[in-house]
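In case you want the letters, here they are:
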Amino acid sequence: MAHPTVPIVVMGVAGCGKTTVGKLLAERLGVPYAEADAFHPPANREKMARGTPLTDDDRRPWLAAIGARIATGTEHGLVVSCSALKRRYRDVLRQADSRTWFLHLVIDQASAARRVAGRVDHFMPASLVTSQFEALEPLEAEAGLTVDATRPPAEIVTAVLDNLPAPAPASPNARTARSPRAVDVSVRGEQYGRRTATNRPSSTAVRRNAPSTQSSGVPQQEGTP
Ligand SMILES: Nc1ncnc2c1ncn2[C@@H]1O[C@H](COP(=O)(O)OP(=O)(O)O)[C@@H](O)[C@H]1O
Ligand SMILES: O=C(O)[C@H](O)[C@@H](O)[C@H](O)[C@H](O)COP(=O)(O)O
(Lines give C-alpha, C1' and ligand atoms only; values in the text may rest on other atoms or scores of the structure.)
(Ligands and ions follow the chains in the order given, each with its own letter.)
Protein backbone atom coordinates (compact mmCIF):
# COMPACT_ATOMS: atom_id res chain seq x y z
CA MET A 1 0.00 0.00 0.00
CA ALA A 2 1.27 3.46 -0.84
CA HIS A 3 2.55 5.46 2.08
CA PRO A 4 2.05 9.11 1.20
CA THR A 5 5.00 11.26 2.10
CA VAL A 6 6.41 14.68 1.72
CA PRO A 7 8.52 14.93 -1.45
CA ILE A 8 11.89 13.31 -0.72
CA VAL A 9 15.09 14.31 -2.52
CA VAL A 10 18.00 11.90 -2.14
CA MET A 11 21.07 14.10 -2.50
CA GLY A 12 24.84 13.91 -2.50
CA VAL A 13 27.84 13.59 -4.75
CA ALA A 14 28.07 11.12 -7.61
CA GLY A 15 28.47 7.59 -6.28
CA CYS A 16 27.00 8.24 -2.84
CA GLY A 17 24.10 5.89 -3.62
CA LYS A 18 21.26 8.20 -4.59
CA THR A 19 19.88 5.83 -7.21
CA THR A 20 20.35 2.68 -5.16
CA VAL A 21 18.85 4.07 -1.96
CA GLY A 22 16.24 6.19 -3.74
CA LYS A 23 14.75 3.24 -5.61
CA LEU A 24 14.65 1.10 -2.50
CA LEU A 25 13.07 3.86 -0.47
CA ALA A 26 10.41 4.51 -3.11
CA GLU A 27 9.66 0.80 -3.24
CA ARG A 28 9.28 0.61 0.54
CA LEU A 29 7.01 3.66 0.54
CA GLY A 30 5.07 2.57 -2.54
CA VAL A 31 5.58 5.94 -4.20
CA PRO A 32 7.05 6.82 -7.61
CA TYR A 33 10.80 7.16 -8.06
CA ALA A 34 12.32 9.74 -10.41
CA GLU A 35 15.95 9.68 -11.50
CA ALA A 36 17.66 13.06 -11.75
CA ASP A 37 19.92 11.96 -14.58
CA ALA A 38 16.82 11.63 -16.78
CA PHE A 39 16.14 15.36 -16.41
CA HIS A 40 19.49 16.53 -17.79
CA PRO A 41 19.44 18.11 -21.25
CA PRO A 42 21.53 15.90 -23.56
CA ALA A 43 24.21 18.63 -23.69
CA ASN A 44 24.75 18.29 -19.94
CA ARG A 45 25.23 14.56 -20.13
CA GLU A 46 27.62 14.95 -23.04
CA LYS A 47 29.58 17.59 -21.16
CA MET A 48 29.95 15.39 -18.10
CA ALA A 49 30.86 12.41 -20.26
CA ARG A 50 33.71 14.51 -21.69
CA GLY A 51 34.94 15.06 -18.12
CA THR A 52 33.85 18.71 -17.76
CA PRO A 53 31.94 19.70 -14.61
CA LEU A 54 28.60 21.44 -15.03
CA THR A 55 28.25 25.11 -14.20
CA ASP A 56 25.41 26.80 -12.35
CA ASP A 57 24.01 27.84 -15.74
CA ASP A 58 24.15 24.25 -17.00
CA ARG A 59 22.29 23.05 -13.94
CA ARG A 60 19.54 25.67 -14.10
CA PRO A 61 17.21 23.92 -16.61
CA TRP A 62 17.89 20.57 -14.96
CA LEU A 63 16.87 21.84 -11.54
CA ALA A 64 13.84 23.58 -13.01
CA ALA A 65 12.73 20.30 -14.59
CA ILE A 66 13.17 18.40 -11.33
CA GLY A 67 11.30 21.15 -9.51
CA ALA A 68 8.45 20.83 -12.00
CA ARG A 69 8.34 17.08 -11.34
CA ILE A 70 8.22 17.69 -7.57
CA ALA A 71 5.43 20.21 -8.01
CA THR A 72 3.30 17.63 -9.83
CA GLY A 73 4.08 14.83 -7.38
CA THR A 74 2.52 16.14 -4.20
CA GLU A 75 -0.60 14.00 -4.38
CA HIS A 76 1.01 10.56 -4.64
CA GLY A 77 4.33 11.24 -2.97
CA LEU A 78 7.69 11.09 -4.70
CA VAL A 79 11.28 10.05 -4.17
CA VAL A 80 13.66 11.81 -6.54
CA SER A 81 17.40 11.53 -6.74
CA CYS A 82 19.25 14.78 -7.34
CA SER A 83 22.80 15.64 -6.35
CA ALA A 84 21.48 19.08 -5.21
CA LEU A 85 25.03 19.93 -4.26
CA LYS A 86 24.53 23.57 -3.36
CA ARG A 87 22.06 25.09 -1.00
CA ARG A 88 20.73 27.41 -3.67
CA TYR A 89 19.99 24.38 -5.85
CA ARG A 90 18.01 22.92 -2.98
CA ASP A 91 16.17 26.25 -2.68
CA VAL A 92 14.90 25.73 -6.23
CA LEU A 93 13.46 22.36 -5.20
CA ARG A 94 11.96 23.80 -2.01
CA GLN A 95 10.30 26.48 -4.10
CA ALA A 96 8.52 23.70 -5.99
CA ASP A 97 7.11 22.37 -2.71
CA SER A 98 8.15 23.85 0.62
CA ARG A 99 7.68 20.45 2.32
CA THR A 100 10.54 18.98 0.29
CA TRP A 101 12.69 16.86 2.60
CA PHE A 102 16.32 16.00 1.83
CA LEU A 103 18.20 12.79 2.52
CA HIS A 104 21.91 13.60 2.30
CA LEU A 105 24.01 10.49 1.76
CA VAL A 106 27.42 11.49 3.09
CA ILE A 107 30.43 9.68 1.70
CA ASP A 108 34.17 10.23 1.72
CA GLN A 109 35.86 11.13 -1.56
CA ALA A 110 37.88 7.93 -1.91
CA SER A 111 34.81 5.72 -1.53
CA ALA A 112 32.80 7.85 -3.98
CA ALA A 113 35.60 7.72 -6.56
CA ARG A 114 35.89 3.97 -6.12
CA ARG A 115 32.17 3.47 -6.60
CA VAL A 116 31.97 5.70 -9.68
CA ALA A 117 35.01 4.05 -11.24
CA GLY A 118 33.44 0.65 -10.65
CA ARG A 119 30.18 1.57 -12.33
CA VAL A 120 29.64 0.38 -15.91
CA ASP A 121 27.31 1.91 -18.51
CA HIS A 122 27.19 5.32 -16.85
CA PHE A 123 28.18 8.61 -18.47
CA MET A 124 29.75 10.09 -15.33
CA PRO A 125 33.56 9.65 -15.26
CA ALA A 126 35.36 9.19 -11.94
CA SER A 127 37.50 12.23 -12.81
CA LEU A 128 34.49 14.44 -12.01
CA VAL A 129 34.18 13.26 -8.42
CA THR A 130 36.69 15.86 -7.19
CA SER A 131 34.61 18.70 -8.66
CA GLN A 132 31.51 17.28 -7.01
CA PHE A 133 33.17 17.54 -3.59
CA GLU A 134 34.36 21.07 -4.41
CA ALA A 135 30.78 22.10 -5.17
CA LEU A 136 29.17 20.27 -2.26
CA GLU A 137 27.50 22.35 0.43
CA PRO A 138 26.33 19.78 2.98
CA LEU A 139 22.75 19.74 4.14
CA GLU A 140 22.72 22.08 7.10
CA ALA A 141 19.91 23.63 9.08
CA GLU A 142 17.48 22.39 6.42
CA ALA A 143 14.64 19.91 6.76
CA GLY A 144 15.98 16.43 6.17
CA LEU A 145 18.35 13.75 7.35
CA THR A 146 22.09 13.24 7.01
CA VAL A 147 23.12 9.59 6.81
CA ASP A 148 26.38 7.71 6.44
CA ALA A 149 26.24 6.51 2.82
CA THR A 150 28.49 3.54 3.47
CA ARG A 151 25.86 1.81 5.61
CA PRO A 152 23.86 -0.91 3.85
CA PRO A 153 21.04 0.55 1.72
CA ALA A 154 18.33 -1.29 3.67
CA GLU A 155 19.63 0.21 6.92
CA ILE A 156 19.61 3.69 5.42
CA VAL A 157 16.02 3.21 4.30
CA THR A 158 15.03 2.08 7.79
CA ALA A 159 16.61 5.22 9.23
CA VAL A 160 14.60 7.32 6.80
CA LEU A 161 11.35 5.56 7.66
CA ASP A 162 12.10 6.18 11.34
CA ASN A 163 12.61 9.88 10.81
CA LEU A 164 10.37 10.93 7.97
CA PRO A 165 7.98 13.72 8.95
CA ALA A 166 4.28 13.03 8.69
CA PRO A 167 2.98 14.61 5.51
CA ALA A 168 0.81 17.65 5.69
CA PRO A 169 -2.36 16.95 3.76
CA ALA A 170 -1.79 17.34 0.04
CA SER A 171 -3.68 20.44 -0.89
CA PRO A 172 -3.38 23.48 -3.08
CA ASN A 173 -1.63 25.07 -0.10
CA ALA A 174 1.12 22.44 -0.11
CA ARG A 175 3.57 24.88 -1.62
CA THR A 176 3.23 27.14 1.37
CA ALA A 177 3.07 24.48 4.08
CA ARG A 178 5.40 24.88 7.04
CA SER A 179 8.64 22.92 7.09
CA PRO A 180 8.87 20.00 9.54
CA ARG A 181 9.71 20.91 13.13
CA ALA A 182 13.34 21.00 14.16
CA VAL A 183 14.39 17.82 15.98
CA ASP A 184 17.68 16.02 16.36
CA VAL A 185 18.05 12.28 16.73
CA SER A 186 20.81 10.21 18.22
CA VAL A 187 23.86 9.27 16.24
CA ARG A 188 25.10 5.79 17.10
CA GLY A 189 23.64 6.12 20.56
CA GLU A 190 25.15 9.55 21.19
CA GLN A 191 22.77 12.33 21.92
CA TYR A 192 23.18 15.24 19.52
CA GLY A 193 20.25 17.21 20.83
CA ARG A 194 16.61 16.92 21.63
CA ARG A 195 14.68 13.75 20.90
CA THR A 196 10.98 13.20 20.98
CA ALA A 197 8.90 10.12 21.56
CA THR A 198 8.31 9.92 17.84
CA ASN A 199 12.01 9.52 17.09
CA ARG A 200 13.33 6.08 17.84
CA PRO A 201 17.09 5.70 18.19
CA SER A 202 18.62 4.05 15.15
CA SER A 203 21.71 1.90 14.80
CA THR A 204 22.51 3.73 11.58
CA ALA A 205 24.61 6.88 11.81
CA VAL A 206 22.06 9.53 11.09
CA ARG A 207 21.42 13.16 11.77
CA ARG A 208 18.10 14.78 11.36
CA ASN A 209 18.66 18.19 9.86
CA ALA A 210 16.26 20.95 10.56
CA PRO A 211 16.12 24.69 10.25
CA SER A 212 17.40 25.30 13.78
CA THR A 213 20.15 22.68 13.97
CA GLN A 214 23.69 22.25 12.70
CA SER A 215 24.98 19.04 11.13
CA SER A 216 28.44 17.75 11.89
CA GLY A 217 28.36 14.09 10.91
CA VAL A 218 31.50 12.07 10.43
CA PRO A 219 31.13 9.58 7.60
CA GLN A 220 32.19 6.03 8.35
CA GLN A 221 34.43 4.01 6.07
CA GLU A 222 32.96 1.49 3.66
CA GLY A 223 32.20 -1.77 5.42
CA THR A 224 32.59 -0.54 8.98
CA PRO A 225 29.95 -1.87 11.36
N1 LIG B 1 25.09 1.81 0.66
C2 LIG B 1 25.89 1.25 -0.28
N3 LIG B 1 26.84 0.36 0.07
C4 LIG B 1 27.64 -0.18 -0.88
N5 LIG B 1 27.57 0.10 -2.21
C6 LIG B 1 26.65 0.99 -2.60
C7 LIG B 1 25.76 1.62 -1.67
N8 LIG B 1 24.96 2.46 -2.36
C9 LIG B 1 25.32 2.38 -3.65
N10 LIG B 1 26.33 1.51 -3.81
C11 LIG B 1 27.00 1.18 -5.07
O12 LIG B 1 27.75 2.33 -5.45
C13 LIG B 1 27.62 2.57 -6.84
C14 LIG B 1 27.03 3.95 -7.06
O15 LIG B 1 25.71 3.95 -6.57
P16 LIG B 1 24.58 4.84 -7.24
O17 LIG B 1 23.31 4.48 -6.59
O18 LIG B 1 24.66 4.74 -8.73
O19 LIG B 1 25.05 6.31 -6.78
P20 LIG B 1 24.60 7.74 -7.32
O21 LIG B 1 23.23 7.57 -7.92
O22 LIG B 1 24.60 8.61 -6.11
O23 LIG B 1 25.63 8.17 -8.31
C24 LIG B 1 26.78 1.44 -7.41
O25 LIG B 1 27.64 0.45 -7.92
C26 LIG B 1 26.02 0.92 -6.20
O27 LIG B 1 25.73 -0.44 -6.32
O1 LIG C 1 25.08 18.48 -10.91
C2 LIG C 1 25.87 17.72 -11.46
O3 LIG C 1 27.08 17.97 -11.62
C4 LIG C 1 25.38 16.39 -11.92
O5 LIG C 1 24.03 16.27 -11.89
C6 LIG C 1 25.94 15.40 -11.01
O7 LIG C 1 25.79 15.91 -9.70
C8 LIG C 1 25.28 14.06 -11.05
O9 LIG C 1 25.85 13.35 -10.07
C10 LIG C 1 25.38 13.44 -12.39
O11 LIG C 1 24.13 13.55 -12.97
C12 LIG C 1 25.86 12.03 -12.35
O13 LIG C 1 24.88 11.17 -11.90
P14 LIG C 1 25.06 10.33 -10.56
O15 LIG C 1 24.98 11.30 -9.42
O16 LIG C 1 23.91 9.38 -10.58
O17 LIG C 1 26.38 9.69 -10.61
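Remember, predicted model here, so these are calculated numbers, not experimental data.

**Student:** Tell me what's going on with helix H2 (residues 42–49), and back it up with residues and numbers.
**Tutor:** Residues that lie three or four places apart on an α-helix share one face, since the helix turns once every 3.6 residues. Looking at H2, one finds that the buried residues are Asn-44, Lys-47 and Met-48. One side of H2 holds all its buried residues, which, seen down the axis, span an arc of 95 degrees. Immediately beyond the C-terminal end of H2, within one or two residues, lies Gly-51, with a positive phi of roughly 90 degrees.

**Student:** Residues and numbers for the packing of helix H3 (residues 56–71) against helix H4 (residues 87–96), please.
**Tutor:** The N-to-C vectors of H3 and H4 enclose an angle of 25 degrees; their axes lie 8 Å apart at closest approach. Taken together, the axes of H3 and H4 lie roughly parallel to each other. Note on packing geometry: the crossing formed by H3 with H4 is right-handed. Note on element contacts: H4 touches H3 through Arg-88, Tyr-89, Val-92, Leu-93 and Ala-96, opposite Asp-56, Arg-59, Leu-63, Ile-66, Gly-67, Ile-70 and Ala-71. When its residues are assigned to classes, the contact of H3 with H4 shows 8 nonpolar, 1 polar and 3 charged.

**Student:** Give a detailed account of the pattern of salt bridges, specifying residues and quantitative values.
**Tutor:** With the rule as written, the count across this model stands at 10 salt bridges. As a salt-bridge pair, Arg-99 and Asp-97 come within 3.0 Å of each other at their nearest N and O atoms. Judged by relative accessible area, which is 0%, Asp-97 ranks as buried. The structure contains a network of salt bridges with shared partners spanning Arg-87, Arg-90, Asp-91, Arg-94 and Glu-142.

**Student:** Please provide a residue-by-residue account of the sheet that holds strand E5 (residues 144–148), values included.
**Tutor:** Strand pairing in a sheet relies on backbone hydrogen bonds, with the paired strands running either antiparallel or parallel. Taken in spatial order, the 6 strands of this open sheet run E2-E3-E1-E4-E5-E6, and their pairing is mixed. Bordering the open sheet on either side are strand E2 (33–34) and strand E6 (206–209), each of which pairs with just one other strand. As judged from the 5 bridges shared by strand E4 (residues 101–106) and E5, these two strands associate in the parallel manner. Bridge pairing in E5 links Leu-103 to Leu-145.

**Student:** A description of the environment of Pro-138 should follow, citing residues and the corresponding values.
**Tutor:** Looking at the element boundaries, Pro-138 is found in the loop between helix H6 (129–135) and E5. Counting along the chain gives 54 residues from Pro-138 to Ala-84, while the straight-line C-alpha distance between them is 9.5 Å. Setting aside residues no more than four positions away along its own chain, Pro-138 makes contact with Arg-90 and His-104.

**Student:** Please provide a residue-by-residue account of unusual backbone geometry, values included.
**Tutor:** One non-glycine residue, Asp-121, lies in the positive phi region at around 60 degrees. Turning to its location among the elements, Asp-121 is positioned in the loop between helix H5 (109–118) and H6. Accessibility expressed as a relative area gives 82% for Asp-121, which makes it exposed. The phi dihedral of Ala-141 is positive, around 50 degrees, even though this residue is not glycine. Take Ala-141: it is sitting in the loop between H6 and E5. Here Ala-141 falls in the buried class, since its relative accessible area comes to 18%.

**Student:** Explain the site of ligand 1 to me, and be specific about the residues and the numbers.
**Tutor:** By nearness alone, 14 residues border ligand 1, and Gly-15, Lys-18, Thr-20, Arg-119 and Arg-151 come closest of all. Within the contact set of ligand 1, an oxygen atom lies 2.8 Å away from a backbone nitrogen or oxygen of Lys-18. Here Arg-119 contributes a side-chain N or O atom positioned 2.7 Å from an oxygen atom of ligand 1. Protein chains shield 75% of the accessible area of ligand 1, which is 560 Å² for the free molecule. Considering every element that reaches the shell around ligand 1, the biggest residue donor is helix H1 (residues 18–29), with 3 residues. Of the residues contributing to the shell around ligand 1, the split by class is 5 nonpolar, 4 polar and 5 charged.

Each value, and the rule that gives it
Residues numbered from 1 in each chain as written. Chains lettered and ligands numbered in written order. Predicted model: local features only at pLDDT ≥ 70, side-chain atom pairs only at ≥ 80, totals over all residues. Heavy atoms only, no water. Buried < 20%, exposed > 50% of the residue type's maximum accessible area, 1.4 Å probe, protein only. Helix = DSSP H or I, 4+ residues; strand = E, 2+ residues; numbered from the N terminus. Arc of directions from axis to C-beta. Axes fitted to C-alpha atoms, helices over the stretch in contact; angles between N-to-C directions. Parallel < 35°, antiparallel > 145°, perpendicular 65-115°, else oblique. Left-handed = near helix turned anticlockwise from the far one by under 90°. Contact = heavy atoms within 4.5 Å. Nonpolar A, V, L, I, M, F, W, Y, C, P; charged D, E, K, R; others polar. Salt bridge = Lys/Arg side-chain N within 4 Å of Asp/Glu carboxyl O. Pairing = 2+ DSSP bridges. Near = heavy atom within 4 Å. Polar contact = N/O pair within 3.5 Å; in protein donor to acceptor, adjacent residues only side chain to side chain. Areas by Shrake-Rupley, 256 points an atom, 1.4 Å probe, with all protein chains shown as cover.

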